[in-house]
Amino acid sequence: MDTGTVAAATSRLTMKTTYFPKKSEVKRNWYLIDADNFVLGRLASKTARILRGKNKASFTPYLDTGDFVVVINAEKIRVTGNKEEQKKYWRHSGYPGGIKSQNLAVLRERHPERIIQKAVRGMLPHTKLGRQLIKKLKVYRGPTHPHQAQVPGLINL
């Protein structure tokens, strides 16, 4: 082959490049999930998937391409086994001896929305991106929420 035919052959080849969405091109939707009688871990994993944007074709690991999620009826979440009494939630005040724990039954009585928030937070990246993603999760104790203006679409998981 002479150099003329090699140059002609390479000019006909085109490079295929991978498309990466820009931050300004990401379109965010609002979704509503009813947690009534839903198992905690399954709800958390599916919610984290939507928050991360893995349900979209334009998913990019280093970008926030996810959607907003509103979870209602957090107090009616279901857990399996003996987790109601055995599962512990820990928090620390930052002072020596400032560690406190409570089981799931007590936390469900006082702050049921924190159960879902902590479960979803554990399934997101533990980086700046994860801290940004968790802000798009809105969890409410009962069936009402203040996000009617965003017209969230109901998801049947």
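Quick caveat, the model's predicted, so the values are computed rather than measured.

S.K.: Please clarify how the environment of Ile155 should be interpreted in this entry.
M.R.: Looking at the element boundaries, Ile155 is found in the segment after β6 (153-154). Separated by 34 residues in the primary sequence, Ile155 and Arg121 have C-alpha atoms spaced 20 Å apart. The contacts of Ile155, once residues within four sequence positions are left out, are Tyr31, Leu32, Ile33 and Ile50.

S.K.: In this structure, what is going on with the pattern of salt bridges? I would like to understand it.
M.R.: When the charged atoms of two side chains with opposite charge come close together, those side chains can pair. Enumeration according to the criterion identifies 4 salt bridges in this entry. Put simply, Lys136 and Asp64 hold a salt bridge, and the shortest N to O gap is 2.5 Å. On the criterion of sequence distance, the pair formed by Lys136 in the loop between α6 (128-134) and β5 (137-139) and Asp64 in the loop between α2 (40-52) and β2 (68-72) is long-range, its members being 72 residues apart. Since its relative accessible area comes to 5%, Lys136 is described here as buried. Its salt-bridge partner being Arg108, residue Glu84 comes within 3.0 Å of it at the nearest N-O pair.

S.K.: Honestly, the packing of aromatic side chains in this entry has me stumped. Any pointers?
M.R.: Any pair of aromatic rings gets described here by the distance separating the centres and the angle formed by the planes. If you walk through the whole model with that rule in mind, you get 2 aromatic pairs. On the basis of an interplanar angle of 45 degrees and a centroid distance of 6.2 Å, the ring pair of Phe20 and Tyr62 is categorised as tilted. With a gap of 42 residues between them, Phe20 in the loop between α1 (3-12) and β1 (30-34) and Tyr62 in the loop between α2 and β2 connect regions that are remote in the sequence. Under the relative-accessibility criterion, Phe20 is labelled partly exposed at 42%. Here Tyr62 falls in the exposed class, since its relative accessible area comes to 56%.

S.K.: Even after reading the chapter, I still don't get the packing of α2 against helix α5 (residues 112-121), so can you show me in this structure?
M.R.: Axes are the key here: two packed helices are described by the angle between their axes and the distance separating the axes. Interhelical geometry of α2 versus α5 gives an angle of 60 degrees and a closest axis separation of 8 Å. In terms of orientation, α2 lies oblique with respect to α5. Considering how the two elements wind past one another, α2 and α5 form a crossing that is right-handed. Between α2 and α5, the contacting residues are Leu40, Leu43, Ala44, Thr47, Ala48 and Leu51 on the first element and Ile115, Ile116, Ala119 and Val120 on the second. Here the residues of the contact of α2 with α5 sort into 9 nonpolar, 1 polar and no charged.

S.K.: Mind showing me how you'd approach a positive patch on the surface here?
M.R.: Together, Arg91, Lys100, Arg110, Arg114 and Lys118 make up a region of like positive charge exposed at the surface. One can find Lys100 in strand β4 (residues 99-103). When its relative accessible area of 49% is taken as the criterion, Lys100 is described as partly exposed.

About the cut-offs
Residues numbered from 1 in each chain as written. Predicted model: local features only at pLDDT ≥ 70, side-chain atom pairs only at ≥ 80, totals over all residues. Heavy atoms only, no water. Helix = DSSP H or I, 4+ residues; strand = E, 2+ residues; numbered from the N terminus. Contact = heavy atoms within 4.5 Å. Salt bridge = Lys/Arg side-chain N within 4 Å of Asp/Glu carboxyl O. Buried < 20%, exposed > 50% of the residue type's maximum accessible area, 1.4 Å probe, protein only. Phe/Tyr/Trp six-rings, centres within 6.5 Å; stacked < 30°, edge-to-face > 60°. Axes fitted to C-alpha atoms, helices over the stretch in contact; angles between N-to-C directions. Parallel < 35°, antiparallel > 145°, perpendicular 65-115°, else oblique. Left-handed = near helix turned anticlockwise from the far one by under 90°. Nonpolar A, V, L, I, M, F, W, Y, C, P; charged D, E, K, R; others polar. Patch = residues over 30% accessible without salt bridge, like charges linked within 9 Å, V, L, I, M, F, W, Y side chains within 5 Å. Areas by Shrake-Rupley, 256 points an atom, 1.4 Å probe, with all protein chains shown as cover. Lys, Arg positive; Asp, Glu negative; His and termini not counted. Charge placed at Lys NZ, Arg CZ, Asp CG, Glu CD.

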